[in-house]
Amino acid sequence: MNHIIGAKSATATPAVKWLLVDEESAGQRLDNFLMRHLKGVPKTHVYRIIRSGEVRINKGRASAETRVESGDEVRLPPVRVSDKVAEKAAHPAPGREFPLLLEDDSLMAINKPAGVAVHGGSGVSFGVIEQLRQARPQAKLLELVHRLDRDTSGILLVAKKRSALKNLQDQFRERETGKTYLALVKGDWPAKLKVIDQPLHKFLLPDGERRVKVTTPEDPDGMRSITLVKVAQRLPGATLLEVTIKTGRTHQIRVHLASQGHPIAGDDKYGDFDWNRQLQKPGASPGLKRMFLHAWRLQFNHPVTDERVALQADLPPELKAYVDHAQRKTPPV
């Protein structure tokens, strides 16, 4: 047997593998099926091994567009993965379960805490989805249906079947879901301001960090964004809002509210930084150490029964304590 001198065991080339396609993967394009099973292998390499005929379905050649079917046997040739991916495999995310609001065979709805990313990337080695997969190694599939910002708490949907994932993502895209957040903003929100219909434009800062700004309808890169706002409670120097989004743009609520001169408390990207510092001081009130944005209510049609599901995640203790304290300071009307 030949040995590669100086080869690292973590990145040594593995042997040929045969994968049996299960019902969950049935109907997927071959290229997408391979991307899931060859994590860390560049897309260009995946397409090269398909074109070369090294990937086979039931011992026959196939194209990237070929749909795999349940029971198919897919041959995977030996491939190398990057040191980074090998390192990640050697040190997986710590398994973690999250508070459940709903779970059945198709999906789960969790109450995500603030400060936890939904997935790894952008300087974060792992997030909710990686931790869930590690905690549930027997799960055939766990995929995020949608996203929440790292510092936003509240309802997050995870699909347990590919059919449920597609159905729910279609509902989000077609605006058939109802998504309402609770946000505490600076100042006295105008009662008449109930709809914000302003396009948003994504851009990158010099260091590569993503930002969003309000733009004009003429901007070819602007995406129409609609936010509905209802005053829930007026507090000293601030207003608690119920915010329903009709479009799911990146940082939509944060940018829309800040554009009206009422930034969200604790927002470290679009907020009032002096105000944020004041809010963090414990003093006579519990200090606010996080952004006050919470995914409070979510409605959708169940992907199997088509029944309307209505979920609610109450304010987490640290946000509720802040509101309760502010209420006690509010003078009677």
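These numbers were taken from a predicted model, which means no experiment stands behind them. (Residues numbered from 1 in each chain as written. Predicted model: local features only at pLDDT ≥ 70, side-chain atom pairs only at ≥ 80, totals over all residues. Heavy atoms only, no water.)

**With respect to the layout of surface pockets**
The condition that has to hold: Using a grid of 1 Å spacing that covers the protein atoms alone, one calls a set of points a cavity when a 1.4 Å probe fits there but cannot get out, and a pocket when the set is open and has protein on both sides within 12 Å along at least five of seven lines; lining residues are those with an atom within 4 Å of a point. Grid points are joined across faces, edges and corners, and a volume is the space filled by probe spheres set on the points. Working definition: helices are DSSP H or I runs of at least four residues, strands are E runs of at least two. Numbering for both runs from the N terminus. Note on residue categories: nonpolar means Ala, Val, Leu, Ile, Met, Phe, Trp, Tyr, Cys or Pro, charged means Asp, Glu, Lys or Arg, and polar means any other residue, Gly included.
When its volume is computed, the second largest pocket comes out at roughly 1400 Å³. Listed by contribution, the elements that provide at least two residues to the lining of the second largest pocket are α5 (162–173), β9 (178–186), β11 (200–204), β12 (210–214) and α6 (252–259). Residue composition of the lining of the second largest pocket, by class: 13 nonpolar, 14 polar and 15 charged.

**Observations concerning the confidence of the model for the protein**
Detail in the predicted coordinates should be disregarded across regions flagged by low pLDDT. Basically, it comes down to this: For every residue, the predictor states its confidence as a pLDDT score lying anywhere from 0 to 100. Contacts: residue pairs with any heavy atoms within 4.5 Å of one another.
Considering every residue of the protein, the mean pLDDT works out to 88; 89% of them sit at 70 or more. Contacts from residues 1–12, a stretch scored under 50 in pLDDT, to residues over four places away or in other chains number 9 contacts.

**Focus on the sheet that holds strand β3 (residues 60–61)**
Selection rule: We call two strands paired when DSSP finds no fewer than two bridges between them. A fitted line through C-alpha atoms serves as each axis, taken over the contacting stretch for helices, and the angle formed by two N-to-C directions is quoted from 0 to 180°.
The sheet built from 4 strands is open, its strands ordered β1-β4-β2-β3 with antiparallel pairing. In this open sheet, the two strands that pair with only one neighbour each are β1 (17–20) and β3. Across 4 bridges, β1 lies against strand β4 (residues 73–76) in antiparallel orientation. Residue pairing for β4: K17 is matched across the bridge by L76. Relative to β4, helix α1 (residues 30–37) is tilted by about 60°, and along the sheet it contacts β1, β2 (56–57) and β4.

**Structural notes on the environment of R328**
Inclusion rule: Only protein chains enter the accessibility calculation, which uses a 1.4 Å probe; a residue whose area is less than 20% of its type maximum is buried, one above 50% is exposed, and one in between is partly exposed.
With respect to the element layout, R328 can be found in helix α8 (residues 317–329). Owing to a relative accessible area of 64%, R328 belongs among the exposed residues under this scheme. For the pair formed by R328 and L235, sequence separation is 93 residues and the distance between their alpha carbons is 9.4 Å.

**Notes on the packing of aromatic side chains**
What characterises a pair of aromatic rings is the spacing of the ring centres plus the angle enclosed by the ring planes. Our working rule: Any Phe, Tyr or Trp ring, taking Trp's six-membered ring, that has another such ring centre within 6.5 Å forms a pair; planes under 30 degrees apart are called stacked, those over 60 apart edge-to-face, and the others tilted. Note on geometry: a ring has a charge over it if NZ (lysine) or CZ (arginine) is within 6 Å of the ring centre and within 35 degrees of the ring normal.
Scanning all chains against the criterion turns up 0 aromatic pairs. Taking NZ or CZ as reference, R297 lies 3.9 Å from the ring centre of W296, over its face.

**Looking at the side chain of R254**
Formally: The term polar contact refers here to a pair of N or O atoms within 3.5 Å; inside protein, the definition further demands a hydrogen-donor-capable atom paired with an acceptor-capable atom, and it admits residues adjacent in sequence only when both atoms are side-chain atoms.
Tracing the backbone shows R254 in helix α6. Separated by 2.9 Å, the side chains of R254 and D149 make a polar contact. Ignoring any residue separated from it by four or fewer positions in sequence, one finds R254 in contact with D149, I264, D267, D268, K269, Y270, M291 and L293.

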